[in-house]
Amino acid sequence: MKGASHERPLLEIKDVAKRYESHQALRGVSLDMRKGEIISVLGPSGCGKSTLLQLIAGLALPDGGEIRLDGDVISSSRGMQPPEKRGVNMVFQDYALWPHLSVFDNIAYGLKNRRMDRADMRNRVGELLEMLQLSGLEKRLPPQLSGGQQQRVAIARALATQPRLLLLDEPLSNLDMRLRIEMRTEMAYLFRQLGTSVFHVTHDPEEAFAMADRLLIMRSGAVDQIGTPSDCYSLPASRWAAALLGAINRIEGTIVRTARGVGLRSGSVLIEGVGAEAAAEGSEAELLFRPDDVVFLGSEGAPSAAVAETAAAHEDGRTAFGLTVLHSTFEGKRWRIVAKTEAGQKLYLLGERLLPPGTPIAVSLPRSAAYIYDKSQERS
Ligand code: ADP
């Protein structure tokens, strides 16, 4: 896109801070968002996601920093533009539909307030009903709809006035798993077709991946990482981001500088990995990886056959090490295997078959899937 990089961002969040009594809910959050972009804010409960959303919506005032929309300051500690003047609409977790108004009237609510011509209003609501697969339901009241249908009405209502920015607060958390998967795919498709700018908050990484052009990963009121879902997935910026993105296995140890870069020593095992570029030899570190990145060497449960493969693994940038099986549970397609390292650290793997407790196994881990974090370099 020619000249796109010089375009003014739609939303500029600059060093925003917010305190509730003794609790610092946001500590200097910054982000620039392009027009038409979908940003998903991802983080555990209590990390400040909803607070950030409320500041953008105009439902709360920041203590520091500022927020600009299309270049105009809409929030700062000096004051804020009223929510209704921002051209920002929000879809709430509990939908917040008017229970006594029909589907049609719910969707048309903002248009009526703007005194839109009746025929234009009917056309606009008709378009939205079709887009959100609600045609035929326009006379129903919200309590006569399923959760998924109510959610679609809430989205249609928020889109009706063509907001400059759409805010979504955990929009799918009240739906069952099957519907969540269906809805997140549909929403991502719809917003991209319409070119809607969306600022979306969720604690669910899969929902964030399905929706976002870029993720903003938060922890304790600050930003851990901003990047595309695939960049964040392939190299999480902190051990918290890594754990959030599925790297649930952790091994503690110390940094070793190797010919290829960096490794972690834990007991007699040295595992090569990525990250911690600036870490000093010997500093305390943690290595994280995902269960599905572990490769079993030899036939599972026959580690002696794998000894020859161990050297080969080292050659092509994988590290091989031995584990002992503690427990296996069937997960449908594969078995989740709980095993422990020589030092007694518990790890989770995915295997093809049941392995009895006590079975020694040899596994390897590709270097690019072993994330190493220097603990001395972390923010609190
Ligand atoms: P999230 O949406 O990520 O779960 P929130 O933004 O709701 O997080 O909350 C961030 C932190 O601020 C939490 O520790 C929460 O308890 C606290 N908090 C949120 N709202 C208030 C409030 N009105 N008064 C006091 N503390 C609050």
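Computed from a predicted structure; not experimentally measured.

A.B. asks: Where do I start with the sheet that holds strand 8 (residues 165-169) in this structure?
C.D. replies: Pairing between the strands of a sheet comes from backbone hydrogen bonds, and it takes one of two forms, parallel or antiparallel. On the basis of which strands lie adjacent, the open sheet formed by 6 strands has the order 7-8-9-3-10-11 and mixed pairing. A strand with exactly one partner marks an edge of an open sheet, and here the two such strands are strand 7 (88-91) and strand 11 (222-227). Across the sheet, the mean angle separating the axes of adjacent strands is 20° when strand polarity is ignored. Examined bridge by bridge, strand 10 (residues 214-219) and strand 11 share 5 bridges and lie antiparallel to one another. Each residue of the ladder has a partner; that of Leu216, found in strand 11, is Ile226. Its contacts with the sheet put helix 4 (residues 147-160) on strand 7 and strand 8, and the angle it makes with strand 7 is roughly 175°.

A.B. asks: For this particular structure, what's the right way to read the site of the ligand?
C.D. replies: For the ligand, the full set of nearby residues is Tyr20, His23, Ala25, Pro44, Ser45, Gly46, Cys47, Gly48, Lys49, Ser50 and Thr51. Between the ligand and Gly46 there is a distance of 2.6 Å, counted from an oxygen atom to a backbone nitrogen or oxygen. Separating an oxygen atom of the ligand from a backbone N or O atom of Cys47 is a distance of 3.1 Å. Its free accessible area being 560 Å², the ligand has 60% of it covered by the protein chains.

A.B. asks: Explain the domain arrangement of the protein to me, please; I cannot follow it from the model alone.
C.D. replies: Where the parts come together, the accessible area they lose is often given as the size of the interface. For the protein, the assigned domains read domain 1 (4-238) and domain 2 (240-377). If you average the C-alpha positions of domain 1 and of domain 2, the two centres end up 39 Å apart. Residue-level contacts link 16 residues of domain 1 with 10 residues of domain 2. Carbon and sulfur atoms supply 71% of the area buried between domain 1 and domain 2, which totals about 1100 Å² over both sides. By the criterion of area lost to domain 2, the three top residues of domain 1 are Tyr233, Pro236 and Ser238, representing 43% of everything that side buries. Linking domain 1 with domain 2 are 0 salt bridges. Between domain 1 and domain 2 we count 7 residue pairs in polar contact (both at pLDDT 80 or more) in total. Every element with two or more residues in the side of domain 1 that touches domain 2 is listed here: helix 6 (205-211), strand 10, strand 11 and helix 7 (229-234). A class-by-class count of the residues in the side of domain 1 that touches domain 2 yields 10 nonpolar, 4 polar and 2 charged.

A.B. asks: Sorry, what's going on with the UniProt feature "domain: ABC transporter" (unreviewed entry) in the protein here?
C.D. replies: Per the UniProt record, the feature "domain: ABC transporter" (unreviewed entry) sits at residues 11-245. Counting secondary structure, residues 11-245 comes out at 36% helix and 28% strand; the distance between its end C-alpha atoms is 26 Å.

A.B. asks: Even after reading the chapter, I still don't get the pattern of salt bridges, so can you show me in this structure?
C.D. replies: Where charged atoms from two side chains of opposite charge come close, those side chains can pair. In total, this model carries 20 salt bridges according to the counting rule given. A salt bridge links Arg178 to Glu182, with the nearest nitrogen and oxygen atoms 3.2 Å apart. One end of the pair is Arg178 and the other is Glu182, both in helix 5 (residues 177-194) and 4 residues apart, which spans about a single turn. Taking the relative accessible area as the measure of exposure, Arg178 reaches 56% and is therefore exposed. With relative accessibility at 34%, the residue Glu182 sits in the partly exposed group.

A.B. asks: What's the story with the packing of aromatic side chains in this structure? I'm lost.
C.D. replies: This model, assessed by the stated rule, comprises 3 aromatic pairs. Each ring, one from Trp98 and one from Tyr109, has its centre 5.1 Å from the other, and the planes form 35°; the classification is tilted. Here Tyr109 lies in helix 2 (residues 103-113) and Trp98 lies in the loop between strand 7 and helix 2, a separation of 11 residues in the sequence. Among the residues examined, Tyr109 registers a relative accessible area of 34% and is labelled partly exposed.

Reading the values: the criteria
- Residues numbered from 1 in each chain as written.
- Predicted model: local features only at pLDDT ≥ 70, side-chain atom pairs only at ≥ 80, totals over all residues.
- Heavy atoms only, no water.
- Pairing = 2+ DSSP bridges.
- Helix = DSSP H or I, 4+ residues; strand = E, 2+ residues; numbered from the N terminus.
- Axes fitted to C-alpha atoms, helices over the stretch in contact; angles between N-to-C directions.
- Contact = heavy atoms within 4.5 Å.
- Near = heavy atom within 4 Å.
- Polar contact = N/O pair within 3.5 Å; in protein donor to acceptor, adjacent residues only side chain to side chain.
- Areas by Shrake-Rupley, 256 points an atom, 1.4 Å probe, with all protein chains shown as cover.
- Domains from an automatic or database assignment.
- Buried area = accessible area lost by both parts, 1.4 Å probe.
- Salt bridge = Lys/Arg side-chain N within 4 Å of Asp/Glu carboxyl O.
- Nonpolar A, V, L, I, M, F, W, Y, C, P; charged D, E, K, R; others polar.
- UniProt positions renumbered as here; feature names shortened; annotations may be inferred.
- Buried < 20%, exposed > 50% of the residue type's maximum accessible area, 1.4 Å probe, protein only.
- Phe/Tyr/Trp six-rings, centres within 6.5 Å; stacked < 30°, edge-to-face > 60°.

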